[in-house]
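Each chain is listed here by its residues.
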There are 2 protein chains.
Amino acid sequence: MKRIMLIVSYNGANYCGWQKQNNAISIEEVINTKLKELLKEDICVIGASRTDAGVHAKGNVAVFDTETTIPPEKIAYALNARLPQDIRIQESREVRADFHPRYDKNNKKYSYRILNTKINVPIYNEYTMHASNYLDIELMKNAAQYIVGEHDFKSFCAANTGVKTTVREVYSLEITKNNNDIITIEITGNGFLYNMVRIIVGTLIQVGTGKIKPEYVAEIIAAKDRSKAGPTAKAKGLTLEEIYY
Amino acid sequence: MKRIMLIVSYNGANYCGWQKQNNAISIEEVINTKLKELLKEDICVIGASRTDAGVHAKGNVAVFDTETTIPPEKIAYALNARLPQDIRIQESREVRADFHPRYDKNNKKYSYRILNTKINVPIYNEYTMHASNYLDIELMKNAAQYIVGEHDFKSFCAANTGVKTTVREVYSLEITKNNNDIITIEITGNGFLYNMVRIIVGTLIQVGTGKIKPEYVAEIIAAKDRSKAGPTAKAKGLTLEEIYY
């Protein structure tokens, strides 16, 4: 018996998210089905991040146990031959038998992409959120410094998720804009609460439009009250970039 | 009667191209239908570039004549409210009555995007071509200098298009790579033959992989023979960026 780790990338547009739900196709389910076909074993992958409907990934992580004699590194190629084009395995390799993608200590990097043009540009539609009001990224960078560090992020957590603690550490939050008017927000931390990245982005957008001042983000954090922060930004702008163990 | 110019952007993935064809939906047709609904007149737009199936645009140009009293600049907004999300009008304005988007002198800028990673990354799938072999962009830049300038581009033209002359001038050809491993080839010129950009890209890819030497591009041009150049690169990597009048 071997435990195999997969690095999984996908376009979340056509899925109900990572995890199986009634009446909709999940990424997990598609991978299980194709692994079963390939390996002739019943497979249930364990995912590192149960991304929501519409959220994308470059490097989500999943593991499963198998008796297969296929060399671990070859599984990625064999599986890609069966998977739809919107799910691609970047890598497959053997890990220790007790490696767990959620319980093993890890850091995550997310990116959020905002197309900031008066009118939407359809080629970027699948992986950017469109914001038609001009966003001042200098104001947003200024606000970002209040978010970096160890804080109680209760204000940036969707209500009633039942986690033990809402304290998390954000290591970095970088904001850049390219010459196609796409603003990329890259955020790295030791753990993220449910919808935390999307609520941070929704708040930074309010800063960028001038609706709230950068300094007010410190007050939002101190309030530990979800209603003080901005709205949850759309799923399709979010990409889980990488998980570091 | 007024002549209105539209700047049209679209994701070409779900269309048979700009121009109407049997048994498939064209971009032109969707715009005509929605203009007819909006203006209560029979409208037939004239497009600047009849992009192929799967090719995208940020700034294609179309004109039509109308008796409407809607202010020209407002037509873009009213039309966007009716169009599908994968077609967006960036701008509408009145132009002189004899302005013709194809016959008026113009320069065009195209971009071609190649995702150069071992395994495809699905979020970029709709507007990049995936190349799994490493492409050396220094070699490609070296080859590009033979393409810039006025040349007979017969070798880079799909056969039998019946044009009067295959001489065109390429003003610039820039190649850059971003930190997501997307190579962007930007090419500007006074006119492009059928499939010319895609054949240039197919040839530059052969240079980038080392299959042909950069200097050989000069021989391909001199040969005036389509069979000497590389294959036609996939439609989905190509975007018509802008038309300058």
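Nothing here was measured: the structure is a model prediction, and the numbers come from that model.

So, the overall build of chain A
And then number 1: Within chain A one finds 5 helices and 10 strands.
And then number 2: Over its C-alpha atoms chain A spans a radius of gyration of 19 Å, differing by no more than 12% from the 18 Å that the globule rule assigns to 245 residues.
And then number 3: Expressed as lengths along the three principal axes of its C-alpha atoms, the size of chain A is roughly 60 × 40 × 30 Å.
And then number 4: Evaluated residue by residue, chain A yields a buried proportion of 57% over its 245 residues.
And then number 5: The long-range share in chain A, meaning contacts at least 24 apart out of those at least 6 apart in sequence, stands at 72%.
And then number 6: Summing over all exposed atoms, chain A offers an accessible surface of approximately 11100 Å²; the carbon and sulfur share of this is 46%.

Some points on the relation of the copies chain B and chain A
And then number 1: Between the two copies, chain B and chain A, the superposition gives an RMSD of 0.0 Å; the rotation angle is 180° and the shift along the axis is 0.0 Å. On the angle and the small slide along the axis, the relation comes out as a two-fold axis.
And then number 2: Both copies contact each other with a shared surface, as 100% of the interface residues of chain B are interface residues in chain A too.

Here we look at the domain arrangement of chain A
Residues and elements named next belong to chain A.
And then number 1: By domain assignment, chain A separates into domain 1 (2-95) and domain 2 (107-244).
And then number 2: Each of domain 1 and domain 2 has a C-alpha centre, and the two are 27 Å apart.
And then number 3: Both sides of the domain 1 and domain 2 interface together cover about 1100 Å² of buried area, and 51% of this is carbon and sulfur.
And then number 4: Contact with domain 2 buries surface across domain 1, with Asp52, His56 and Lys58 losing the most and accounting together for 44% of the total.
And then number 5: In this structure, Arg198 and Asp52 form a salt bridge, with 3.5 Å as the shortest nitrogen-oxygen distance.
And then number 6: Taken together, the links from domain 1 to domain 2 amount to 10 residue pairs in polar contact (both at pLDDT 80 or more).
And then number 7: Grouping the constituent residues of the side of domain 1 that touches domain 2 by class yields 6 nonpolar, 7 polar and 2 charged.

A word on the pairing of strand β1 (residues 2-10) of chain B
All names here are of chain B.
And then number 1: Counted residue by residue, β1 has 8 buried out of 9 residues, so it is predominantly covered.
And then number 2: With 8 bridges joining them, β1 and strand β3 (residues 56-66) adopt antiparallel strand pairing. Following the sheet pairing, Met5 is matched in β3 by Val63.
And then number 3: Note: β1 against strand β4 (residues 87-95), 8 bridges, orientation antiparallel. Bridge pairing in β4 places Tyr10 opposite Ile87.

Points about the packing of aromatic side chains
Each aromatic ring pair is specified by the distance between its two centres and by the angle formed by the two planes.
And then number 1: Inspection of every chain in the model, using the stated rule, returns 11 aromatic pairs over all chains.
And then number 2: A centroid spacing of 4.9 Å and a plane angle of 75° characterise the contact between A:Phe99 and A:Tyr245, whose relative ring orientation is edge-to-face. Linking A:Phe99 in the loop between β4 (87-95) and β5 (107-115) with A:Tyr245 in the segment after β10 (238-244), this pair joins segments that are 146 residues apart in sequence.
And then number 3: Residue class for A:Phe99 comes out buried when judged on its relative accessible area of 5%.
And then number 4: Between A:Tyr127 and B:Tyr124, the aromatic rings sit 5.6 Å apart at their centres with planes inclined by 90°, giving edge-to-face as the arrangement. With A:Tyr127 in the loop between β5 and β6 (129-130) and B:Tyr124 in the loop between β5 (107-115) and β6 (129-130), this pair bridges two chains. Each member of the pair, A:Tyr127 together with B:Tyr124, is buried.
And then number 5: Among the aromatic residues, ring-to-ring pairing joins A:Tyr124, A:Tyr127, B:Tyr124 and B:Tyr127 into one connected group.
And then number 6: Of note, B:Arg102 hangs over the ring of B:Tyr103, and the distance from its end group to the ring centre comes to 5.9 Å.

Some words on unusual backbone geometry
And then number 1: With phi around 45°, A:Lys224 is a residue other than glycine that occupies positive phi space.
And then number 2: Topologically, A:Lys224 is positioned in the loop between α5 (216-223) and β10.
And then number 3: Here the phi dihedral of B:Asn195 falls at roughly 70°; this positive angle occurs in a residue that is not glycine.
And then number 4: Looking at where B:Asn195 falls in the secondary structure, it is placed in the loop between β9 (182-189) and α4 (196-208).

Concerning the interface of chain B and chain A
And then number 1: Every contact between the two is made by 26 residues of chain B and, on the other side, 26 residues of chain A.
And then number 2: Both sides together, the interface formed by chain B and chain A hides about 2100 Å², and carbon and sulfur atoms give 60% of it.
And then number 3: Among the residues chain B hides against chain A, the three largest losses belong to B:Ile119, B:Pro122 and B:Ile123. Together they make up 33% of the total.
And then number 4: At the junction of chain B with chain A, the criterion picks out 7 residue pairs in polar contact (both at pLDDT 80 or more).
And then number 5: Among the elements of the structure, β1, β3, α2 (75-80) and β4 of chain B are those that each provide at least two residues to the side of chain B that touches chain A.
And then number 6: The element best represented in the side of chain B that touches chain A is β4(B), accounting for 4 residues.

Thresholds applied
Residues numbered from 1 in each chain as written. Chains lettered and ligands numbered in written order. Predicted model: local features only at pLDDT ≥ 70, side-chain atom pairs only at ≥ 80, totals over all residues. Heavy atoms only, no water. Helix = DSSP H or I, 4+ residues; strand = E, 2+ residues; numbered from the N terminus. Rg over C-alpha atoms; globule rule 2.2 N^0.38 Å. Buried < 20%, exposed > 50% of the residue type's maximum accessible area, 1.4 Å probe, protein only. Contact = heavy atoms within 4.5 Å. Areas by Shrake-Rupley, 256 points an atom, 1.4 Å probe, with all protein chains shown as cover. Least-squares fit on C-alpha atoms with pLDDT ≥ 70 in both. Domains from an automatic or database assignment. Buried area = accessible area lost by both parts, 1.4 Å probe. Salt bridge = Lys/Arg side-chain N within 4 Å of Asp/Glu carboxyl O. Polar contact = N/O pair within 3.5 Å; in protein donor to acceptor, adjacent residues only side chain to side chain. Nonpolar A, V, L, I, M, F, W, Y, C, P; charged D, E, K, R; others polar. Pairing = 2+ DSSP bridges. Phe/Tyr/Trp six-rings, centres within 6.5 Å; stacked < 30°, edge-to-face > 60°. Lys NZ or Arg CZ within 6 Å of the ring centre and 35° of its normal.

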